[in-house]
Each structure stands twice: as C-alpha cells, then as structure tokens.
Amino acid sequence: MSGGVAYVLDEAGDFAERCNMGMVGFEAPSAEDAAELRALIEEHAERTGSPVAARVLDELDELLAGGAFVKVMPHDYKRVLAERAQEQLAVPA
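Throughout what follows, the structure given in this document is the object of discussion. (Residues numbered from 1 in each chain as written. Predicted model: local features only at pLDDT ≥ 70, side-chain atom pairs only at ≥ 80, totals over all residues. Heavy atoms only, no water.)

Regarding the overall build of the chain
Step number 1: In terms of regular secondary structure, the chain is built from three helices and three strands.
Step number 2: Going residue by residue from the N terminus, the α and β elements of the chain occur as β-β-α-α-β-α.
Step number 3: By the compact-globule yardstick of 12 Å for 93 residues, the chain is too spread out, its C-alpha radius of gyration being 16 Å.
Step number 4: Buried residues in the chain amount to 27% of all 93 residues.
Step number 5: Taking the contacts inside the chain whose residues are at least 6 apart along the sequence as the reference set, 73% of them involve residues at least 24 apart.
Step number 6: On the chain, roughly 6400 Å² of surface is accessible, and the fraction owed to carbon and sulfur atoms is 53%.
Step number 7: On the chain, the mean spot of the 8 positive side-chain charges and the mean spot of the 18 negative ones are 5 Å from each other. (Helix = DSSP H or I, 4+ residues; strand = E, 2+ residues; numbered from the N terminus. Rg over C-alpha atoms; globule rule 2.2 N^0.38 Å. Buried < 20%, exposed > 50% of the residue type's maximum accessible area, 1.4 Å probe, protein only. Contact = heavy atoms within 4.5 Å. Areas by Shrake-Rupley, 256 points an atom, 1.4 Å probe, with all protein chains shown as cover. Lys, Arg positive; Asp, Glu negative; His and termini not counted. Charge placed at Lys NZ, Arg CZ, Asp CG, Glu CD.)

Considerations on the pairing of strand β3 (residues 69–74)
Remember that side chains alternate between the two faces of the sheet whenever the strand is regular.
Step number 1: Taken across its six residues, β3 has six buried, putting it largely inside the fold.
Step number 2: Neither face of β3 is open: one carries Phe-69, Lys-71 and Met-73, the other Val-70, Val-72 and Pro-74, and all of them are buried.
Step number 3: As judged from the four bridges shared by strand β1 (residues 6–9) and β3, these two strands associate in the antiparallel manner. Looking across to β3, one finds that Val-8 is bridged to Val-70.
Step number 4: Here strand β2 (residues 24–27) pairs with β3 via four bridges, running antiparallel. Note on β3: the bridge partner recorded for Gly-25 is Met-73. (Pairing = 2+ DSSP bridges.)

Treat this as a map of the structure, not an account of what it does.
This is the structure we're talking about:
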C-alpha cells in the first residue's frame, strides 16, 4: 500500500499480525470515515449483490462500535496530508 486509505473489516482482531506496521498505521474510523465506509459498502452491495456486504450493512453500527473496522493509512501518506494541512493554514486568506 503506497497511498490512500483502506478500511479493513477485522472481526477476528488479527489483522495487525498480518500487516507491515513499518509501512502503515492504524486508526479507529471517525464519524466522517463511518459515513464514507457506509457509502462504499452500499455501492458494493448494489453492484455485486454481495450477501457479506448486506450483512455488514445490517450490522454496521455494531461493527463500528465494537472496533471491527480499522482505518489503515501509510505513514508517508499521512505525513503528506499533515504537511498539506499545515500549508493551507499558512496561506493568508
């Protein structure tokens, strides 16, 4: 993973054991992330008819509250986003 954000459904809680933590970090999804995640899963369900997507949508609030989703972001990507945010703050309006 070299850029962007991934949302991983980690119901077993073992994703970190299989992930290169030297390259990426984990965060709990924010409320904004949860809305984006719901939209992505809804689109997937509509396009594919996936029974897993249907189940996840039915249980989404519980899955989010229980920490079953992990937001994965490469360290370099997160650094670039932070730098851009700082640059935006430094630009006079």
